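# Working through the structure, step by step
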Amino acid sequence: MSSPPQPEATSTPQPSPLQLSTESRVLFGQSFEQLAAILSIFTQPAYRAKQLWQALYQQRVTHLDQIATFPAQLRQQMTAAGYRIGLPEIAHVFISTDGTERYLIACADGDTVETVWMPNGDGGESGDGSENDDPAQGADTRDIYQRATICISSQVGCAVNCHFCLTAKLGIQRNLTAGEIAGQVVAVLNRHQARIGRDRINLVFMGMGEPFLNYDAFMDAVRLLVVGVGIPESRMTVSTSGILPGIERFAAEPVRPRLALSLNAPNDAIRAAIMPITRKWNIDALLTALRAVPLRPRERLTFEYVLLGSINDRLQDARELVQLARNSGLNVKVNLIVWNPGPEIPYQMPQAEDVAAFQQHLIAAGVPAYIRRPRGRDIYAACGQLKRTTTP
Ligand code: SAH
Ligand code: SF4
């Protein structure tokens, strides 16, 4: 790789070792300050940083040559110095009969992660009343607006080891960078030519990995997506298996997505049997941390609850869950997820009538409960199925 241009005068700032590293030559994922520092190497006026920021995150360019606001000479200099946009690329697309698309997305180092596009969402990421102002619901506008939820990965694999989850089988391979997390969204938005402001795009950080075990990169990605790409944080939901220090940090964030806790059980005994992390942070400790998260108007926390046949799907579990929700003092809704099977995972799907009875019990007791439609099961894109296979 060729080296960056040599400074002409001694007063020109010298590139720091960080700026010279290969990774720093990937522009996508850099903060405004980092972009300004890179452009100062090329002795550019301050306004160029804003132009680059807009090109990366608003125009969503994929190649330096597409930055129309930059002089050709600057684009050439940057290219010659090894700089590139470096957006993750969609390496493979699997399309489900229900319209869901699963992508194998290749990072610069060749690692792949999975990202899912679900037209019209899956009935669980919203359902809290905030849809009432949805411009896409008017019959006249339906053709004009796109409405979809993108499910994003935060790590390659996962370290948490929930016994019902296929991603757990991979173990943790590595954390994704902020650029790789936000880059999944931009790659998918580009594929669908989505227009922020016109289209209604929801983001769920519920793909591979535990976002709160990659906290800084995850939150940096959120800020890039909110401030740069322009997706409101109220349209984003992050799901955690219950990483207590992460929840505590999250509570203090001025800009943050909605929060979902993968509760999955009505008590510590059942939860510990399916989610060993419960032995580190029990349900009580998690609820205490959740109570410290200041909610926005109309915002609710979500309890995700994967229904496993004969493990946590009985009426007595529903009763206990109602008590837990009431006693928690939290404004919550419950998203019920029918467990998606995977090879060598020793659980059973719940019976359809048990799922219905479970939901009815919660609703009758005044606890809002929604059933997440499984999306893209035929292409292994549903919850907990990511990285099952690389071919359909
Ligand atoms: N690591 C985070 C986010 C990714 S998992 C977390 O655990 O919350 C997203 C959701 O998928 C979680 O609620 C998890 O409980 C659920 N899930 C995992 N495996 C599943 C499976 N096989 N079937 C259905 N849901 C599953
Ligand atoms: Fe990791 Fe979430 Fe799967 Fe648990 S459910 S192993 S935390 S990805």
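Scroll up to find the structure this text is about.
Quick caveat, the model's predicted, so the values are computed rather than measured.

## Some words on helix H9 (residues 283-291)
Within the sequence span of H9, burial applies to Ile-283, Leu-286, Leu-287, Ala-289 and Leu-290. Down the axis, H9 shows its buried residues gathered within 160° of arc, on one side only. Where the residues of H9 are buried, they touch helix H7 (244-251), strand S9 (258-262), helix H8 (268-274), strand S10 (301-307) and helix H10 (315-328). Capping the start of H9 is the job of one residue whose side-chain oxygen sits 3.3 Å from the backbone nitrogen of Asp-284: Asn-282.

## A few points about the layout of surface pockets
When its volume is computed, the second largest pocket comes out at roughly 320 Å³. With three residues, the single largest contributor to the lining of the second largest pocket is helix H5 (residues 178-191). Grouping the amino acids of the lining of the second largest pocket by side-chain chemistry returns 10 nonpolar, five polar and three charged.

## Overview of the packing of aromatic side chains
Enumeration according to the criterion identifies 11 aromatic pairs in this entry. Considering the side-chain rings of Phe-212 and Phe-250, the 5.3 Å spacing of their centres and the 45° angle between planes classify their relative orientation as tilted. Of the two residues, Phe-212 sits in the loop between strand S7 (200-205) and helix H6 (215-229) while Phe-250 sits in helix H7, which places them 38 residues apart along the sequence. Seen from the ring of Phe-94, Arg-102 lies directly overhead, with NZ or CZ sitting 4.1 Å from the centre. The lysine or arginine in question, Lys-333, covers the ring of Tyr-370, its NZ or CZ lying 5.5 Å from the ring centre.

## Brief notes about the side chain of Glu-304
Along the chain, the position of Glu-304 falls in strand S10. A relative accessible area of 4% means that Glu-304 is categorised as buried. Leaving out residues up to four positions away in the same chain, Glu-304 has contacts with Met-206, Ser-239, Ala-260, Leu-261, Ser-262, Leu-263, Asn-264, Asn-335, Ile-337 and Arg-372.

## Remarks on the site of ligand 2
For ligand 2, the full set of nearby residues is Cys-158, Val-160, Asn-161, Cys-162, Cys-165, Ala-168, Gly-209, Glu-210 and Ser-241. A per-class count over the shell around ligand 2 returns five nonpolar, three polar and one charged.

## Overview of the packing of H7 against H9
Relative orientation of the contacting elements H7 and H9 amounts to 10°, with a least axis distance of 9 Å. In terms of their interaxial angle, H7 and H9 are classed as roughly parallel. Residues Leu-244, Ile-247 and Glu-248 of H7 form the contact with H9, whose own contacting residues are Ala-285, Leu-286, Ala-289 and Leu-290. For the contact of H7 with H9, the class distribution of residues is six nonpolar, no polar and one charged.

## Details of the pairing of strand S3 (residues 112-119)
Where burial is concerned, most of S3 is hidden: seven out of the eight residues are buried. In sequence, strand S2 (residues 101-106) turns back onto S3 through a hairpin of five residues, with Gly-110 there showing a positive phi of about 95°. Pairing of S3 with strand S4 (residues 147-151) involves four bridges; the strand directions are antiparallel. Bridge assignment links Pro-119 to a residue of S4, and that residue is Ala-148.

## Topic: the pattern of salt bridges
One pass over the full model with this rule turns up 14 salt bridges. Arg-198 is the salt-bridge partner of Asp-199, the closest N and O atoms lying 2.8 Å from each other. Residue class for Asp-199 comes out buried when judged on its relative accessible area of 5%. Judged by relative accessible area, which is 23%, Arg-198 ranks as partly exposed.

## Considering the pairing of S9
Counting buried residues along S9, five of its five residues qualify, which places the element largely inside the surrounding structure. A two-sided burial pattern is seen for S9, the buried positions comprising Arg-258, Ala-260 and Ser-262 on one face and Leu-259 and Leu-261 on the other. One ladder, built from four bridges, connects strand S8 (residues 236-240) with S9; its direction is parallel. Along S9, the bridge assignment pairs Thr-240 with Leu-261. What joins S8 to S9 is H7, and the crossover it makes is right-handed.

## A short note on the sheet that holds S4
Remark on secondary structure: sheet strands pair via backbone hydrogen bonds, oriented parallel or antiparallel. On the basis of which strands lie adjacent, the open sheet formed by 10 strands has the order S1-S2-S3-S4-S7-S8-S9-S10-S11-S12 and mixed pairing. Two strands bound the open sheet, and with one partner strand each, they are strand S1 (89-95) and strand S12 (369-372). When strand polarity is set aside, the average angle formed by the axes of neighbouring strands in this sheet is 25°. Pairing geometry for S9 and S10, over three bridges, is parallel. Across the sheet, the residue bridging to Leu-261 is Phe-303, located in S10.

Basis of the calculations
- Residues numbered from 1 in each chain as written.
- Chains lettered and ligands numbered in written order.
- Predicted model: local features only at pLDDT ≥ 70, side-chain atom pairs only at ≥ 80, totals over all residues.
- Heavy atoms only, no water.
- Buried < 20%, exposed > 50% of the residue type's maximum accessible area, 1.4 Å probe, protein only.
- Helix = DSSP H or I, 4+ residues; strand = E, 2+ residues; numbered from the N terminus.
- Arc of directions from axis to C-beta.
- Contact = heavy atoms within 4.5 Å.
- Polar contact = N/O pair within 3.5 Å; in protein donor to acceptor, adjacent residues only side chain to side chain.
- 1 Å grid on protein atoms, 1.4 Å probe; cavity = no way out; pocket = protein on both sides within 12 Å on 5 of 7 lines; lining within 4 Å.
- Points joined across faces, edges and corners; volume = space filled by probe spheres on them.
- Nonpolar A, V, L, I, M, F, W, Y, C, P; charged D, E, K, R; others polar.
- Phe/Tyr/Trp six-rings, centres within 6.5 Å; stacked < 30°, edge-to-face > 60°.
- Lys NZ or Arg CZ within 6 Å of the ring centre and 35° of its normal.
- Near = heavy atom within 4 Å.
- Axes fitted to C-alpha atoms, helices over the stretch in contact; angles between N-to-C directions.
- Parallel < 35°, antiparallel > 145°, perpendicular 65-115°, else oblique.
- Pairing = 2+ DSSP bridges.
- Salt bridge = Lys/Arg side-chain N within 4 Å of Asp/Glu carboxyl O.
- Right-handed = clockwise from strand over helix to strand, strands pointing away.

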